[in-house]
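Examining the three-dimensional arrangement
Residue strings, one per chain:
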Amino acid sequence: MRKAIFRNVAVVSAIFVASFAIMLITNYFQVRSFNPLQADVMETLKKINDENANNVALQEQIRQLDLMARRAYFVNLDHLKTGIYLLLAMLGVLIVCLRFYFAGEKDIPGKQIDVVDDWIIKTHARKYVGWFASALVAVALVFVFVTASHLRGTDAPNTPSTDIGQIAAVGDESTAQGESNVNQANQTRQGEENTVQGNSDDNATQSLTTIDNASDISSGFRGNNSNAISSAKNIPDVWDLKTGKNIAWKSAIPKHGFNSPVVSGNKVFLTGADESAREIYCYDLRTGKLLWTLAATNIPGSPQVMPKTTDDTGLASSTAATNGKQVCAIFATGDLLCADMDGKRLWAKNLGVPDNHYGYASSLLAFGNSLIVQYDNTNAHKVVALDMATGNEVWSKTRTDKITWSSPTLVFANNRAQLILMGNPAITAYNPANGEQYWRVDGLSGEVASSPCGAGGLVFGASEYAALIAVDATSGKKLWTANNYLPEISSPVATNENVYLGTTYGVLACYDAKTGALKHSHELETEFYSSPMIVEGRLYVFSNDGKMHIYTADSEFTLINSFETGAKTFATPAFIDGKIVVRSEEGLYCVATKK
């Protein structure tokens, strides 16, 4: 009886393995002839859409088809992964059952046995059935790998685990740039005394005014206010690492990270980390010389074993922040470290090891003398303001949003500063001086990694598979939503007239800031973790392959220049007068027009 059970299970497993392996092999040839993201029918529909720009109903139908095609991409990959697990599991069941079935059967029994048993034992099945099944599975796995490689060769959107970049994060990133996708805030010139005390809206207004007039600082990811608009002048518009054209200097970075460089005076700050150490680095903006390194050590609560993170997030995705007097950094361990401008440690603390399946990637934001930390993890949901000089808590607010990789941003509306945080499911505005909530607008979903932006009294936020949302920052009223193209790691940037964004599946898009209408889109065969920056009326954005794209930051959104820089780039660059500081996959470098 027991033998019959093993036999029957083995037969069923063999049939399953053979059938499923053949299905996976067949799937390769089907996918090979069909790209869900670049199918001819989608291209035809896009042309029809261009010819019928005012047909709202048609645009909605095309959008739905496009979303269905992109979902089909992820479904296909998920099915492949599930298929591998099922195939290997059933192969294991088959082998185990065959071993038990043939146990003790070295010779054919001298009695009448079951017909099936007689056939199995008299043939070479007992010797070859396991080998044949294993070989068939191996062939199927080869075709699964080829199929997955073919799919990843398309312009498909990635998830934050591919995406932070942010990553990130990139911040965005990076995500990110994930990019990560990772973002920061507002600061004062080095050596300037900031009059903001963090206790009134008047002080907040003065802080933003001071910061907006500064052009020699890039105090966090996406520059002043973490809003991606720089007042820097005389920015180079072409360079090449391989030939050295317009390259002022290049420097190595001791440890890996996806965070972006920030600049204050003649100092450049960024971070790096690995299993052995988490560190802040300070470079000389004029020469690229490493001035000092500060390690995050002897911090109570810091974990002995590093938390697991994905390869494109890592332990140092969050961009540092400075107010010209102090510089602070945070790592995926929850370790928060702050130093003066000469590298002297001022204070350090652990905020609690983040429960985060990709790795913590939210960047810091400096607001006057306060450090803003968005800490939305599975085991903690809060936003905290700390005194940058002492580390003492200024205020803290519990949040209801789910785990988030986005970073805080400051906007200015109705004569007051607003701290804008994105999460799942809402965009929320707070008083940065005391944490009072001004307004909250639902509409986001999924894994929120890109960061908000603002312009002309409006706030914009977006997440993949949800929507781009515009909010009146004065009233907190949702004005419009759009979902033609959405970012995952890279964060949008806005002017009074337009909103610009880059997607991980290779599209740069321009929306009308007042209505949400899609004005222009450029489809490129690349990915974007780095966030676009607006400088001198031009939009600068790196693609992951290290290509710089420069467009006019107007309603025409026309290409000015596009060129290979010579190194893959996921972080967002820092812009200061006459210079661009870039963190690439190979190191840190400075671009400056050579006279």
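Residues numbered from 1 in each chain as written. Predicted model: local features only at pLDDT ≥ 70, side-chain atom pairs only at ≥ 80, totals over all residues. Heavy atoms only, no water.

1. Details of the sheet that holds strand β32 (residues 574-576)
Going by this rule: For two strands to be treated as a pair, DSSP must find no fewer than two bridges joining them. Every helix listed is a DSSP run of H or I at least four residues long, and every strand listed is a run of E at least two residues long, numbered separately from the N terminus. Axis lines are fitted to C-alpha atoms, over the contacting stretch for helices. Their N-to-C directions set the angle, which ranges from 0 to 180 degrees.
If you trace the four strands from one edge of the open sheet to the other, you get β3-β34-β33-β32, paired in antiparallel fashion. Unpaired on one side and paired on the other, β3 (247-251) and β32 mark the two borders of the sheet. Between one strand axis and the next, the sheet turns through 15 degrees on average, direction left out of account. For strand β33 (residues 579-583) and strand β34 (residues 588-592), the ladder comprises five bridges, and the chain directions are antiparallel. Residue pairing for β34: K579 is matched across the bridge by A592.

2. Overview of the nonpolar core
The line we're drawing: Side-chain atoms within 4.5 Å are what join buried Ala, Val, Leu, Ile, Met, Phe, Trp, Tyr and Cys residues into a set we call a nonpolar core. Only protein chains enter the accessibility calculation, which uses a 1.4 Å probe; a residue is then buried when its area is under 20% of its type maximum, exposed when over 50%, and partly exposed in between. Residues are treated as being in contact if the distance between any of their heavy atoms lies within 4.5 Å.
One finds W292, I330, L336, L364, L371 and V373 to be the most contacted residues of the largest nonpolar core, which totals 37 residues. When residues of this core are traced back to their parent elements, those giving at least two are β5 (267-273), β6 (278-284), β7 (290-295), β9 (326-330), β10 (335-340), β13 (370-377) and β14 (380-387). Not counting residues within four places of it along the chain, the set of residues in contact with L336 comprises A329, I330, W347, A348, K349, L351, L364, L371, V373 and L386. Ranked by size, the runner-up nonpolar core spans 30 residues in total, among them L241, V493, C510 and F542.

3. Structural notes on the state of the cysteines
As a reminder, the rule being used: Count a disulfide wherever a pair of cysteine sulfur atoms falls within 2.5 Å.
Overall, the coordinates contain one disulfide when judged by the stated rule. Disulfide partner of C328: C338, at an S-S distance of 2.5 Å. Judged by the sign of its S-S torsion, about -55 degrees, the bond between C328 and C338 is left-handed. Highlighted residues: C328 in strand β9 and C338 in strand β10, separated in sequence by ten residues.

4. Some points on the packing of aromatic side chains
Selection criterion: Stacked, edge-to-face and tilted are the three classes for Phe, Tyr and Trp ring pairs, Trp counted by its six-membered ring, which pair at centre distances within 6.5 Å; planes under 30 degrees apart are stacked, over 60 edge-to-face, the rest tilted. Definition used: whenever NZ (Lys) or CZ (Arg) falls within 6 Å of the ring centre and also within 35 degrees of the ring normal, the charge is taken to sit over that ring.
Tallied over the entire structure, the rule returns eleven aromatic pairs. Between Y360 and Y375 the ring centres are 5.1 Å apart and the planes differ by 50 degrees, which places this aromatic pair in the tilted class. Taken together, the positions of Y360 in the loop between β11 (345-350) and β12 (365-367) and Y375 in strand β13 put the pair 15 residues apart, joining distant regions of the chain. Judged on exposure class, the residue Y360 and its partner Y375 are both buried. One aromatic cluster is present, formed by W239, F542 and F563 through successive ring pairs. One Lys or Arg, R416, reaches over the ring of Y438 and ends 3.7 Å from the middle of that ring.

5. Considerations on the pattern of salt bridges
Definition in use: Salt bridges are defined by distance alone: a side-chain nitrogen of Lys or Arg within 4 Å of a carboxyl oxygen of Asp or Glu.
Counted according to the given criterion, the structure contains ten salt bridges. Of the charged contacts, one joins D342 and K267 as a salt bridge, the two residues approaching to 3.2 Å between their closest N and O atoms. With a gap of 75 residues between them, D342 in the loop between β10 and β11 and K267 in strand β5 connect regions that are remote in the sequence. A residue is classified by how much of its surface remains accessible, and K267, at 13% relative accessible area, is buried. With a shortest N-O distance of 3.0 Å, D401 and R440 are connected by a salt bridge. Here the residue D401 occupies a position in the loop between β15 (393-398) and β16 (409-413), and R440 occupies one in strand β19 (residues 437-442), the gap between them amounting to 39 residues. By relative accessible area, which is 31% here, R440 ends up partly exposed. Taken together, the shared-partner salt bridges in this structure form one network comprising D376, R399, D401 and R440.

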